[in-house]
Amino acid sequence: MTKKHRISAKAVDTRLASVYALDELIDCIRTLDPDLDISEATLLTAITLHSLQDLLKEIPSLKSKLQEAAAEIKRKRSNPQQPITNERTTT
């Protein structure tokens, strides 16, 4: 018999946001090589996520952006009405 776990609406929302972000990353990777089918692009996405720790060490600006995003999420704790932004900047 399996236990039933209650999942908060907030947890559901954040998981859903993660799924959408993952789907966007898969689409982005498919633009790098349009000959990849969806399963191949998904595998390449998994490889990319797996190597993220190494990328954070190699690319300090990426680490800084994640730290800034974490700080914004923590700021939202004190002001839940404030939206979390996901602005992408191009250089």
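Look above for the structure.
The model shown is predicted, which means the values in this text are computed figures rather than measured ones.

A. Representation of the overall build of the protein within the structure. Secondary structure assignment for the protein yields four helices and zero strands. The order of helices and strands in the protein, counted from the N terminus, is α-α-α-α. Across the 91 residues in the protein, those meeting the buried criterion constitute 7%. Element-wise, carbon and sulfur atoms account for 58% of the exposed surface of the protein, whose accessible area totals about 8,400 Å².

B. Quick look at the packing of helix α1 (residues 9-32) against helix α2 (residues 38-50). At their nearest, the axes of α1 and α2 sit 9 Å apart, and the two run at 110° to each other. Here α2 runs roughly perpendicular to α1, going by the angle between their axes. Between α1, through Leu22, Leu25, Ile26, Ile29 and Arg30, and α2, the contact on the second element is made entirely by Ile38, Ala41, Thr42, Leu44, Thr45, Thr48 and Leu49. Class assignment of the residues belonging to the contact of α1 with α2 gives a composition of eight nonpolar, three polar and one charged.

C. Main features of the environment of Leu52. Its location among the elements puts Leu52 in helix α3 (residues 52-58). Considered as a pair, Leu52 and Leu62 are 10 residues apart in the sequence and their alpha carbons are 9.8 Å apart.

D. How the structure looks around a nonpolar patch on the surface. On the surface, a nonpolar cluster with roughly 310 Å² of combined accessible area is contributed by Leu16, Val19 and Tyr20. Note on placement: Leu16 falls in helix α1.

E. Structural view of the side chain of Thr45. Following the sequence through the fold, Thr45 ends up in helix α2. If we ignore the near neighbours within four places in the chain, the residues touching Thr45 are Leu22, Leu25, Ile26 and Ile29.

Basis of the calculations
- Residues numbered from 1 in each chain as written.
- Predicted model: local features only at pLDDT ≥ 70, side-chain atom pairs only at ≥ 80, totals over all residues.
- Heavy atoms only, no water.
- Helix = DSSP H or I, 4+ residues; strand = E, 2+ residues; numbered from the N terminus.
- Buried < 20%, exposed > 50% of the residue type's maximum accessible area, 1.4 Å probe, protein only.
- Areas by Shrake-Rupley, 256 points an atom, 1.4 Å probe, with all protein chains shown as cover.
- Axes fitted to C-alpha atoms, helices over the stretch in contact; angles between N-to-C directions.
- Parallel < 35°, antiparallel > 145°, perpendicular 65-115°, else oblique.
- Contact = heavy atoms within 4.5 Å.
- Nonpolar A, V, L, I, M, F, W, Y, C, P; charged D, E, K, R; others polar.
- Patch = residues over 30% accessible without salt bridge, like charges linked within 9 Å, V, L, I, M, F, W, Y side chains within 5 Å.
- Salt bridge = Lys/Arg side-chain N within 4 Å of Asp/Glu carboxyl O.

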